[in-house]
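Reading the structure
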Amino acid sequence: SSIFDFCHTAMRLDAGLEKSLLRGKYSQDLIARMEDHLRRLSTKGLVCEDAHAWRLSAEGVLLSNFVFSEIALS
């Protein structure tokens, strides 16, 4: 599956997008580009990051279609 599909599916789950799973599936270059998008979304308050995963914020859940369209641009 594409990194977009993987991230889209994972971010819909409570566990979020687990960084270890991302690192195990995709190249560092592709992950870095995805993380750039996620960090921009984080500055908008739509995504949260901790040491283990990226997750939708409460506002991100409400605007998930926007979040996923932004991720798709990676």
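Up top you'll find the structure we're talking about.
Everything numeric in this text was worked out from a predicted model, so none of it was measured.

What describes two packed helices is the angle between their axes and the distance between those same axes. At a minimum axis separation of 10 Å, helix α1 (residues 3–11) and helix α5 (residues 64–72) run at an interaxial angle of 155°. Compared by their axis directions, α1 and α5 come out roughly antiparallel. Crossing angle aside, the handedness with which α1 passes α5 is right-handed. Of the residues in α5, those in contact with F4, C7, H8 and M11 of α1 are F68, I71 and A72.

With that settled, consider a nonpolar patch on the surface. A cluster of nonpolar side chains, contributed by L62, L63 and F66, occupies part of the molecular surface with about 310 Å² of accessible area. Structurally, F66 is set in helix α5.

What follows deals with the nonpolar core. Counting 19 residues, the largest nonpolar core has M11, L17, L22, L38, V47, V67 and I71 as the members making the most contacts within it. Residue assignment for this core shows that the elements contributing at least two residues are α1, α3 (28–43), β3 (53–56) and α5. With 5 residues, the top contributor of residues to this core is α1.

Procedures and definitions
- Residues numbered from 1 in each chain as written.
- Predicted model: local features only at pLDDT ≥ 70, side-chain atom pairs only at ≥ 80, totals over all residues.
- Heavy atoms only, no water.
- Axes fitted to C-alpha atoms, helices over the stretch in contact; angles between N-to-C directions.
- Helix = DSSP H or I, 4+ residues; strand = E, 2+ residues; numbered from the N terminus.
- Parallel < 35°, antiparallel > 145°, perpendicular 65-115°, else oblique.
- Left-handed = near helix turned anticlockwise from the far one by under 90°.
- Contact = heavy atoms within 4.5 Å.
- Patch = residues over 30% accessible without salt bridge, like charges linked within 9 Å, V, L, I, M, F, W, Y side chains within 5 Å.
- Areas by Shrake-Rupley, 256 points an atom, 1.4 Å probe, with all protein chains shown as cover.
- Salt bridge = Lys/Arg side-chain N within 4 Å of Asp/Glu carboxyl O.
- Core = buried A, V, L, I, M, F, W, Y, C linked by side-chain atoms within 4.5 Å.
- Buried < 20%, exposed > 50% of the residue type's maximum accessible area, 1.4 Å probe, protein only.

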